[in-house]
Amino acid sequence: MKLASALKERSDINTRIQELSVRLVNNSKVQEGDKPAENPDELLKEMDSLFERLQYLITHINMTNSLTELKGKTLTELLSERDVLSKKLSVLRSFLNSASEKVNRYSRTEIRIESSVNVAELQKTVDSLSKELRTLDEAIQEANWTTELK
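Just so you know, these numbers come straight off a predicted model, no measurement behind them.

Helix H3 (residues 75-100) packs onto helix H2 (residues 40-67) with a crossing angle of 95 degrees between their chain directions and a minimal axis gap of 5 Å. It follows from the interaxial angle that H2 and H3 lie roughly perpendicular. Judged by residue contacts, Asn-62, Asn-65 and Ser-66 of H2 engage Leu-75, Thr-76 and Leu-79 from H3. Taken together, the residues that form the contact of H2 with H3 break down as two nonpolar, four polar and no charged.

The first and last C-alpha atoms of helix H4 (residues 119-146) sit 40 Å apart over 28 residues, in line with the 40 Å expected at 1.5 Å per residue. Inspection of H4 places Leu-122, Val-126, Leu-129, Ser-130, Leu-133, Leu-136, Ala-139, Ile-140, Ala-143 and Asn-144 among the buried residues, and these make up the whole buried set. Each element contacted by the buried residues of H4 is listed here: helix H1 (3-26), strand S1 (69-70) and H3. One side-chain oxygen at the N-terminal end of H4 lies 3.2 Å from the backbone nitrogen of Ala-120; it belongs to Asn-118.

What counts and what doesn't
- Residues numbered from 1 in each chain as written.
- Predicted model: local features only at pLDDT ≥ 70, side-chain atom pairs only at ≥ 80, totals over all residues.
- Heavy atoms only, no water.
- Axes fitted to C-alpha atoms, helices over the stretch in contact; angles between N-to-C directions.
- Helix = DSSP H or I, 4+ residues; strand = E, 2+ residues; numbered from the N terminus.
- Parallel < 35°, antiparallel > 145°, perpendicular 65-115°, else oblique.
- Contact = heavy atoms within 4.5 Å.
- Nonpolar A, V, L, I, M, F, W, Y, C, P; charged D, E, K, R; others polar.
- Expected span 1.5 Å × (residues − 1).
- Buried < 20%, exposed > 50% of the residue type's maximum accessible area, 1.4 Å probe, protein only.
- Polar contact = N/O pair within 3.5 Å; in protein donor to acceptor, adjacent residues only side chain to side chain.

And the structure:
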């Protein structure tokens, strides 16, 4: 099984567990003399099976990520690099949006508001980091589709 397939299955299992959780709560109580729409015992068995498979996948995905090297780094290192770069870009974009906002003055007597940074320079930095993030993400995705799960 390829790493990408395991990642997709992990995502699907997480979705199914969330749905099962709702179904369990919906069938946790019934009026005296009634039966639940679904058998909670069967739902619990299905949930246990999903958690068992999820644990297997998480273990093997993490193992694969830590043993697979790309560009002199493990996939684990590249994934953390991607996460940090993504968060940094989010903060910089928000800051850039604020810094580049135009504040209208209605008269010459109003206080003039100026940007505290060079917006054009910051935009170039954001563009460069965005390209770096795209390139890194593409490399990770390629590795996901070519790496066998360990």
